[in-house]
Amino acid sequence: QCAAFVEQVLQASKNCPAAIVLDHISQECNTNSHATSRMRETLTIISDLPNQPPTAVPVTGNVEGEVAITPKTFNLGKVDKGQGASREIQILKAGDPNLRIEGVDVSPAGPFLAEVVTDEDGRRFHVKVSLKPEAESGYQRGTLTVRTNCPGETTLQAYFYAFVGK
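Read on for an overview of the structure. Bear in mind the structure is a predicted one, so any value in this text is a computation, not a measurement.

Conventions we followed
- Residues numbered from 1 in each chain as written.
- Predicted model: local features only at pLDDT ≥ 70, side-chain atom pairs only at ≥ 80, totals over all residues.
- Heavy atoms only, no water.
- Helix = DSSP H or I, 4+ residues; strand = E, 2+ residues; numbered from the N terminus.
- Buried < 20%, exposed > 50% of the residue type's maximum accessible area, 1.4 Å probe, protein only.
- Areas by Shrake-Rupley, 256 points an atom, 1.4 Å probe, with all protein chains shown as cover.
- Patch = residues over 30% accessible without salt bridge, like charges linked within 9 Å, V, L, I, M, F, W, Y side chains within 5 Å.
- Salt bridge = Lys/Arg side-chain N within 4 Å of Asp/Glu carboxyl O.
- Pairing = 2+ DSSP bridges.
- Axes fitted to C-alpha atoms, helices over the stretch in contact; angles between N-to-C directions.
- Contact = heavy atoms within 4.5 Å.

The next subject is the overall build of the protein. In terms of helices and strands, the protein carries 2 helices and 10 strands. Sequence-ordered secondary structure for the protein, helices as α and strands as β, is α-α-β-β-β-β-β-β-β-β-β-β. By the burial criterion, 33% of the 166 residues in the protein qualify as buried. Counting only carbon and sulfur atoms, one obtains 50% of the accessible surface of the protein, whose full area is about 10,400 Å².

Right, let's talk about a nonpolar patch on the surface for a bit. Taken together, the side chains of Ile45, Val57 and Val59 define a hydrophobic patch exposed on the protein surface, amounting to about 210 Å² of accessible area. Structurally, the position occupied by valine 57 is in strand β2 (residues 55-63).

The next thing to look at is the sheet that holds strand β3 (residues 67-70). Reading across the sheet, the 4 strands line up as β3-β5-β8-β7 and stay open at both edges, with antiparallel pairing between neighbours. Each having just a single partner strand, β3 and β7 (112-120) make up the two edges of the open sheet. This sheet shows a mean twist of 20° between the axes of neighbouring strands, independent of strand direction. Looking at chain direction, strand β5 (residues 85-93) and strand β8 (residues 124-131) are connected through 8 bridges and run antiparallel. Residue pairing for β8: isoleucine 91 is matched across the bridge by phenylalanine 125.

For serine 130, the position within the fold is in strand β8. Residue class for serine 130 comes out buried when judged on its relative accessible area of 14%. In contact with serine 130, not counting residues within four places along its chain, are Ala85, Ser86, Pro111, Phe112 and Leu113.

Attention now moves to the sheet that holds strand β6 (residues 101-107). Strand order in the open sheet made by the 4 strands is β4-β10-β9-β6, with mixed pairing throughout. On the outer flanks of this sheet lie β4 (73-79) and β6, each paired with one strand and no other. Shown here is a sheet whose adjacent strand axes are inclined to one another by a mean of 20°, direction ignored. Note: β4 against strand β10 (residues 155-164), 6 bridges, orientation parallel. Bridging from a neighbouring strand, asparagine 75 pairs with tyrosine 161 of β10.

In structure tokens, the structure reads:
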């Protein structure tokens, strides 16, 4: 587990500058097995003072991947029946500009539609999510699923909703 590695590095590198240690930890922990996950571990701090017992510090963190979808949740608004609505979301790739969008889907497919509208050099994409005019009255919600070629992040999701009046 990455937290055990972090603890080992911190213990072995007491005399190293913190920036070097944290950079090393970042490189080692930023692997596909930790591409996007929530980590919860305990870090034990041991002092060289004889009267100071070891201190356990709970540590939590989110490991973010190379690909970000923004916003992750959005509102298409209050819409009159028979009217459509749409919004573009952005997908950004950090690092090498080699991202491909393999496909986009919405569920439920009936009242919603999604399409990739722009691709800027394999680094920035815009996806348009639309509520169709034939959507039923009431609260409508859906999930956008984006499939990519990025290892460890082959599936990204965003959530959306709208209210269709009568």
